[in-house]
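# Architecture at a glance
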Amino acid sequence: MLTEPVPANSALGPGFLADGGYQFHWGVLGDHLSELWDGLLRTLAISAIGMAGSVVVGVLLGGAAALRIPVLRTLIWLYVEIFRNTPLLVQIFFLYFALPDIGISLSGFTVGWLSLVLWGGAYNVENFRAGFQSVDPAYVEGGRALGFPRLATFRLVNLPLGWRAALPSVTNTLISVFKNSSFMIAISYPELTETTVNLVAVSFRVFELFIAIGAVYLALVWLMSLGARLIERRFAIPGGF
Amino acid sequence: MTGGASPTAGAAPEPMVELRGVHKSFGDHEVLKGIDLRIARGEVVAIIGPSGGGKSTLLRCVNLLESVTAGQVLLEGTDLTAKGVDLNLIRRRIGMVFQQFNLFPHLSVLQNLTLAPRKLLKRERAATEERAHALLARVGLRDKAQGFPKQLSGGQQQRVAIARALMMDPHVMLFDEVTSALDPELVSEVLDVMRDLAESGMTMLCVTHEMGFARELGDRLVFVDGGIIAEQGDPKQVLDHPEQDRTRQFLRKVLR
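Analysis parameters
Every chain's residues receive numbers from 1 upward, in the order its sequence appears when written. Following the order in which they are written, the chains are lettered starting with A and the ligands numbered starting with 1. Reporting of local features is limited, given that this is a predicted model, to residues whose pLDDT is at least 70; pairs of side-chain atoms are given and counted only at 80 or more, and all residues count toward the totals for whole chains, interfaces and linings. Side-chain measures were taken over the full set of non-hydrogen atoms in the model, leaving aside hydrogen atoms and water. Secondary structure elements follow DSSP: runs of H or I no shorter than four residues count as helices, runs of E no shorter than two count as strands, and numbering proceeds from the N terminus. Atoms counted for the radius of gyration: C-alpha only. Globule rule: 2.2 Å times the number of residues to the power 0.38. In short, Shrake-Rupley with a 1.4 Å probe defines the accessible areas, and a residue's cover is counted only from the protein chains shown. In what follows, a contact means two residues having at least one pair of non-hydrogen atoms within 4.5 Å. When two parts are brought into contact, each loses some accessible area as probed by a 1.4 Å sphere; the total of that loss over both is the buried area. One speaks of a salt bridge when a side-chain nitrogen belonging to Lys or Arg is within 4 Å of a carboxyl oxygen belonging to Asp or Glu. We define a polar contact as two N or O atoms separated by no more than 3.5 Å, with the added condition that, inside protein, one atom must be a possible hydrogen donor and the other a possible acceptor, whereas residues neighbouring each other in sequence contribute only through side-chain atom pairs. Residue classes follow a fixed rule: Ala, Val, Leu, Ile, Met, Phe, Trp, Tyr, Cys and Pro count as nonpolar, while Asp, Glu, Lys and Arg count as charged, and any other residue, Gly among them, counts as polar. Pairing between strands is defined by DSSP: at least two bridges between them are needed. Each residue gets one of three labels from its accessible area relative to the maximum for its type: buried under 20%, exposed over 50%, partly exposed in between, using a 1.4 Å probe on protein chains only. Ring geometry is summarised as follows: Phe, Tyr and Trp rings, the Trp one being its six-membered ring, pair when their centres sit within 6.5 Å, and such pairs are stacked at plane angles under 30 degrees, edge-to-face over 60 and tilted between the two. Placement of a positive charge over a ring is assigned whenever Lys NZ or Arg CZ falls within 6 Å of the ring centre and within 35 degrees of the normal to the ring plane. For our purposes a nonpolar core is just a set of buried Ala, Val, Leu, Ile, Met, Phe, Trp, Tyr and Cys residues, chained together by side-chain atoms within 4.5 Å. Lines fitted to the C-alpha atoms define the axes, with helices restricted to the stretch that makes contact. Angles between their N-to-C directions range from 0 to 180 degrees. Angle categories: roughly parallel below 35 degrees, roughly antiparallel above 145, roughly perpendicular from 65 to 115, and oblique for all the rest. Whether a crossing is left-handed or right-handed is set by the direction in which the near helix is turned from the far one by less than a right angle, anticlockwise for left-handed and clockwise for right-handed. A patch is a set of surface residues, each over 30% in relative accessible area and not in a salt bridge, joined within 9 Å for like charges and within 5 Å for the nonpolar side chains Val, Leu, Ile, Met, Phe, Trp and Tyr.

On to the overall build of chain A, then. When helices and strands are counted, chain A shows nine helices and zero strands. Reading chain A from its N end, one meets helices and strands in the order α-α-α-α-α-α-α-α-α. Here chain A has a C-alpha radius of gyration of 23 Å; the compact-globule value for 241 residues is 18 Å, and the former is much larger. By its C-alpha atoms, chain A is 85 × 50 × 30 Å across when sized along the principal axes. Of the roughly 12400 Å² of accessible surface on chain A, 69% is carried by carbon and sulfur atoms.

Of the residues lining the interface, 23 residues belong to chain B; the matching set on chain A comes to 21 residues. With both chains or domains summed, chain B and chain A bury close to 2000 Å², and 67% of this area falls on carbon and sulfur atoms. Notably, a salt bridge pairs A:Glu141 with B:Arg60, separated by 2.6 Å at the nearest N-O pair. At the boundary of chain B with chain A, the tally comes to four residue pairs in polar contact (both at pLDDT 80 or more). Elements that contribute at least two residues to the side of chain B that touches chain A include exactly helix 2 (87-91), strand 6 (94-97) and helix 3 (109-120) of chain B. It is helix 3 of chain B that provides the largest number of residues to the side of chain B that touches chain A, a total of four residues. Looking at the side of chain B that touches chain A residue by residue, the class counts come to 12 nonpolar, five polar and six charged.

Turning to the sheet that holds strand 5 (residues 78-79) of chain B, a few remarks are in order. All names here are of chain B. The sheet built from four strands is open, its strands ordered 2-1-4-5 with antiparallel pairing. At either end of the open sheet lies a strand with only one pairing partner, and these are strand 2 (29-39) and strand 5. Across five bridges, the pairing between strand 1 (residues 17-26) and strand 4 (residues 70-75) is antiparallel. By the bridge assignment for strand 4, Glu18 is matched with Leu74.

Quick look at helix 1 (residues 55-62) of chain B now. Residues and elements named next belong to chain B. Counted residue by residue, helix 1 has seven buried out of eight residues, so it is predominantly covered. Those residues of helix 1 that fall on the buried side of the exposure criterion are Lys55, Thr57, Leu58, Leu59, Arg60, Cys61 and Val62. Positioned one or two residues after helix 1, Leu64 has a phi angle of 55°, which is positive.

Right, let's talk about unusual backbone geometry for a bit. Of note in the backbone geometry, A:Val71 takes a positive phi value of approximately 65° without being a glycine. Looking at where A:Val71 falls in the secondary structure, it is placed in the loop between helix 2 (33-66) and helix 3 (72-84). Phi at B:Leu64 takes a positive value of approximately 55°, unusual for a residue other than glycine. Take B:Leu64: it is sitting in the loop between helix 1 and strand 4.

Turning next to the pairing of strand 1 of chain B. Residue and element names in this part refer to chain B. For strand 1 and strand 2, the ladder comprises eight bridges, and the chain directions are antiparallel. Residue Lys24 lies in a different strand from strand 2, and its bridge partner there is Leu32. The hairpin formed by strand 1 and strand 2 contains two residues between the paired strands, and Gly27 there has a positive phi angle of roughly 65°.

Bringing the environment of B:Gly227 into the picture now. All names here are of chain B. With respect to the helices and strands, the residue Gly227 is situated in the loop between strand 9 (220-225) and strand 10 (228-233). Relative accessible area serves as the criterion here: at 0%, Gly227 is assigned to the buried category. Distance in space between the C-alpha atoms of Gly227 and Thr57 is 9.2 Å, their sequence separation being 170 residues. Excluding residues within four positions of it along the chain, Gly227 makes contact with Val31, Leu32, Lys33, Gly34, Ile35 and Gly53.

The next thing to look at is the packing of aromatic side chains. According to the stated counting rule, one finds 13 aromatic pairs over all chains in the structure shown. Plain terms: the ring middles of B:Phe223 and B:Phe250 are 5.3 Å apart, the flat faces sit at 40° to each other, and that makes the pair tilted. Residue B:Phe223 is located in strand 9, and its partner B:Phe250 is located in helix 9 (residues 245-254); the two are separated by 27 residues in the primary sequence. Here the aromatic cluster, defined as three or more aromatic residues joined through ring pairs, consists of A:Tyr22, A:Phe24, A:Trp26 and A:Phe207. Across the ring face of B:Phe26, the terminal group of B:Lys24 is positioned such that the distance to the ring centre comes to 4.9 Å.

Glancing now at the nonpolar core. Residues B:Ile162, B:Met173, B:Phe175, B:Met194 and B:Met204 are the most contacted members of the largest nonpolar core, which totals 38 residues. Listing elements by their share of this core, those giving two or more residues are helix 3, helix 4 (125-138), helix 5 (154-166), strand 7 (172-176), helix 6 (184-199), strand 8 (203-207) and helix 7 (211-217) of chain B. In terms of residues, this core owes the most to one element, helix 6 of chain B, which gives eight residues. Once you skip the residues sitting within four places of it in the chain, B:Met173 turns out to touch B:Gly95, B:Val97, B:Ile162, B:Ala165, B:Leu166, B:Leu197, B:Met202, B:Thr203, B:Met204 and B:Leu205. Counting residues in each nonpolar core, the second largest holds 35 residues, with A:Leu36, A:Leu99, A:Phe128 and A:Phe132 among its members.

This next bit is on the packing of helix 3 of chain B against helix 5 of chain B. When two helices pack together, their arrangement is given by the angle between their axes and by how far apart the axes lie. Residues and elements named next belong to chain B. Where helix 3 meets helix 5, the closest approach of the two axes is 8 Å, and the angle between their N-to-C directions is 25°. One finds that helix 3 runs roughly parallel with respect to helix 5. Relative to helix 5, the crossing made by helix 3 is right-handed. Here Val109, Asn112 and Leu113 of helix 3 lie close against helix 5, whose contacting residues are Val160, Ala163 and Arg164. The residue inventory of the contact of helix 3 with helix 5, partitioned by class, reads four nonpolar, one polar and one charged.

What follows is about a nonpolar patch on the surface. All names here are of chain A. A surface patch of nonpolar side chains, about 650 Å² in accessible area, is lined by Phe24, Trp26, Ile185, Val197, Val206, Phe207, Phe210 and Ile211. Here the element with the most residues in the nonpolar patch is helix 9 (residues 206-234); it accounts for four residues. Its location among the elements puts Phe207 in helix 9. Under the relative-accessibility criterion, Phe207 is labelled partly exposed at 40%.

Here you go:
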């Protein structure tokens with residue numbers, strides 16, 4: 001806490017009192033509610049597509065990897081290695097700035113959801129593969145002995161048991177996908193974080209705005225965790241597995 | 001060699017299952033070193049022997065859950081090791097029950113029974129469910145249809161597994177140490193179901209440690225050791241008067 005009066009040309013931003021205290025003006029949120037709302041909707045849109053797409057990618061490619069389908073399996077491994085071991089930011093820049101050089105121009109929105117699908121998908125491939133492979137081989141053998149072909153056995157046994165096993169790690173990945181939607185600030189796609197940064201630039205209300213969107217992100221992540229727990233309970237197998 | 005089914009005079013009846021010179025290796029380790037075995041329709045064969053001797057592998061070669069390295073496996077005259085044989089179709093005729101039950105844990109008992117007939121045989125739901133309830137009643141689990149496998153005792157799970165296999169109307173049943181994972185007091189309820197099945201004329205191959213069962217219900221006892229059939233014959237004869245030293249040594253240990 002400063003005790004000296006703060007000169008007018010202080011490094012401290014507006015909102016700071018002469019004694020160093022801070023005067024909150026939450027009204028700034030109301031003033032820019034419609035911009036923030038639009039930003040939130042964009043965040044939700046690219047996150048929703050990103051999460052759903054990454055689950056589809058994860059189940060399909062994770063399944064193919066678990067079934068050890070030749071060639072495909074190697075390509076999947078390559079995809080996972082590339083997208084898990086390079087920064088998401090580099091992937092976003094590549095999609096947005098490099099692809100136009102070979103004639104593929106993608107909008108900010110497209111790069112937004114696509115980069116999340118690709119990044120989250122790589123993690124979900126591993127989540128689902130591990131889940132499918134964790135299924136006790138005895139259950140698979142039970143299916144094969146009855147006369148179910150390999151793929152049908154996978155669908156009837158590995159899939160329903162494996163996704164349940166994968167749920168906690170998939171939930172973690174989906175939460176990361178949602179939070180990483182804020183990376184789209186790098187290509188100036190006006191999702192919630194980009195919108196907020198722009199509003200800070202004109203209003204100087206750093207604390208109010210960042211605390212507010214932080215609370216929004218937090219609340220939504222909690223909601224997702226809650227949703228995952230409800231799904232877990234809804235699909236719990238009586239007696240376990 | 002006595003058969004449960006009465007062999008007709010003249011031409012020898014086609015065996016239900018026949019193994020001809022079956023070899024099986026896992027890497028460098030040869031587990032089966034030439035198995036020849038003919039099982040008649042309706043015959044109940046008990047397979048005994050020390051662990052690691054190859055008896056479970058032998059059983060798993062009958063439905064080719066383990067592929068054979070050399071030799072032939074025939075089911076009702078069809079060579080299963082021939083090219084172009086659809087094993088998935090063949091396996092519908094071979095019921096198998098495992099030591100660890102292998103029921104689908106995410107499906108109810110009723111669904112476990114009806115899944116294969118409905119999906120593979122395209123049978124009507126109502127008809128399969130009716131059949132399932134009848135089989136559950138037969139194995140003494142009439143009231144467990146809506147339960148889930150892991151809510152049942154080991155003995156109950158094993159009886160469900162037998163009923164599940166029977167749903168496909170198999171021509172032969174394979175039992176792989178089905179009582180070995182059970183608490184002692186649960187063994188008899190499973191053996192009762194197997195006795196019922198044997199008396200109904202089912203062809204059965206049972207890898208077992210239950211010498212009492214083998215003696216009472218087996219038409220034949222096969223002693224497998226070191227990857228070969230070391231001795232076989234009438235169960236009472238083999239158990240009471242084994243001819244081979246290794247059989248004698250094994251029986252001395254297990255019958256003590």
